[in-house]
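Summary of the model geometry
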Amino acid sequence: MSLESERERMVEALISQGLLHTPKVVEAFRKVERHLFIPQNLHAEAYADHPLPIGCGQNISAPHMVAIMTELLEVEEHSNVLEVGCGSGYQAAILSEICGKGGVVSVEYVPQLAERAGEKLRNLGYSNVKVVWGDGTLGYPEKAPYDRIIVTAAAPKIPKPLVKQLSEGGRMLIPVGGRQIQTLVEVSRIDGKILEKNHMDCVFVPLVGEEGWK
Ligand code: SAH
């Protein structure tokens, strides 16, 4: 089967499991070629629903987790989006397809990964994505406030700088908990108040840095 038809099969499976439903999100999943974000020797597994190693001890998240988080994030056409944990750049590409006229800042701690993802996204023409090498637990104040923040690594607690950089009406999704297992938490700022809502259990690689794991 071609990678293209495998991708279509992955999308159909995510739809039938009820994980993908918003037309703009489905379209993004159809368009972004996951195999381009992983090492060549793993291309045969590109559209299987599990995480894959991308080097430097890090992973590209499983498609179902990208689907769940992207749907819960409810990115809009003009959203200003911050991602913490760029990794391969795949999630950033998905967000970029949805927020069109807004933009994505994606922060990555590991310099080699930041460089590789930045180059990949540039080559693919994602001009509304800016990859930044740095500690994403501090956010990226230069482009704050953000309408949407997505953290794709496991945090011991919700980093205060990220809450500070969330706009009024903004929403953040972040896995919070222990090193082995976390809860996907939705944080929103409504009428100046910070609200938290727990979703499902999840498993992510640790968030390091100032407000992360030591
Ligand atoms: N969203 C990625 C998957 C991320 S895996 C994708 O689509 O491929 C988690 C990533 O978070 C790893 O690349 C890891 O290096 C990064 N990370 C961990 N702590 C970080 C921090 N403090 N700031 C930025 N990135 C961090």
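Reading guide: rules and limits
- Residues numbered from 1 in each chain as written.
- Predicted model: local features only at pLDDT ≥ 70, side-chain atom pairs only at ≥ 80, totals over all residues.
- Heavy atoms only, no water.
- Near = heavy atom within 4 Å.
- Polar contact = N/O pair within 3.5 Å; in protein donor to acceptor, adjacent residues only side chain to side chain.
- Areas by Shrake-Rupley, 256 points an atom, 1.4 Å probe, with all protein chains shown as cover.
- Helix = DSSP H or I, 4+ residues; strand = E, 2+ residues; numbered from the N terminus.
- Disulfide = S-S within 2.5 Å.
- Buried < 20%, exposed > 50% of the residue type's maximum accessible area, 1.4 Å probe, protein only.
- Phe/Tyr/Trp six-rings, centres within 6.5 Å; stacked < 30°, edge-to-face > 60°.
- Contact = heavy atoms within 4.5 Å.
- Axes fitted to C-alpha atoms, helices over the stretch in contact; angles between N-to-C directions.
- Parallel < 35°, antiparallel > 145°, perpendicular 65-115°, else oblique.
- Left-handed = near helix turned anticlockwise from the far one by under 90°.
- Pairing = 2+ DSSP bridges.

Below, the discussion takes up the site of the ligand. In the vicinity of the ligand there are 28 residues, among which Glu83, Ser88, Glu108, Gly136 and Val208 approach most closely. Between Gly85 and the ligand, the recorded distance is 3.0 Å, taken from a backbone N or O atom to a nitrogen atom. Here a nitrogen atom of the ligand sits 3.0 Å away from a polar atom, N or O, in the side chain of Asp135. When the free accessible area of the ligand is taken as 580 Å², the share hidden by the protein chains comes to 98%. Secondary-structure elements contributing two or more residues to the shell around the ligand are β2 (58-60), β3 (80-84), α4 (90-99) and β4 (103-108). Among the elements that take part in the shell around the ligand, β2 stands out by supplying three residues, more than any other.

So, on to the state of the cysteines. Scanning the entire structure with this criterion turns up zero disulfides. No disulfide involves Cys56; its sulfur sits 12 Å from the nearest other cysteine sulfur, which is in Cys86. Here Cys56 falls in the partly exposed class, since its relative accessible area comes to 38%. Left unpaired, Cys202 is separated from the closest cysteine sulfur, that of Cys86, by 19 Å.

Moving on, we get to the packing of aromatic side chains. Applying the stated criterion across every chain, the model contains two aromatic pairs. Here the aromatic rings of Phe29 and Tyr90 are separated by 6.5 Å at their centres, their planes lie at 90°, and the arrangement is edge-to-face. Placement of the pair is Phe29 in helix α2 (residues 23-31) and Tyr90 in helix α4, with a sequence separation of 61 residues. Residue Phe29 is classed as buried on the basis of its relative accessible area, which comes to 0%. Taking relative accessible area as the criterion, Tyr90 reaches 1% and is therefore assigned buried. An angle of 70° between the planes, with centres 5.8 Å apart, marks the rings of Phe37 and Tyr90 as edge-to-face.

Moving on, we come to the environment of Ser61. Note on placement: Ser61 falls in the loop between β2 and α3 (63-73). Its relative accessible area of 21% is what places Ser61 among the partly exposed residues. Residues in contact with Ser61, not counting those within four places in the same chain, are Arg34, Pro51, Val66 and Phe204.

Between helix α1 (residues 3-16) and α2, the least distance of the axes is 9 Å, while the angle of their chain directions is 155°. Overall, the two elements α1 and α2 adopt an arrangement that is roughly antiparallel. Along this stretch, α1 crosses α2, giving a crossing that reads as right-handed. Residues Arg7, Glu8, Met10, Val11, Glu12, Leu14 and Ile15 of α1 form the contact with α2, whose participating residues are Val26, Phe29, Arg30 and Lys31.

With that out of the way, let us pick up the pairing of strand β6 (residues 146-151). With five of six residues buried, β6 lies mostly within the body of the structure. Note that β3 and β6 share four bridges and pair parallel. By the bridge assignment, Glu83 is partnered in β6 with Ile150. Note: β6 against strand β7 (residues 166-177), four bridges, orientation parallel. Note on β7: the bridge partner recorded for Ile149 is Met172.

Any link to function would need more than the numbers given here.
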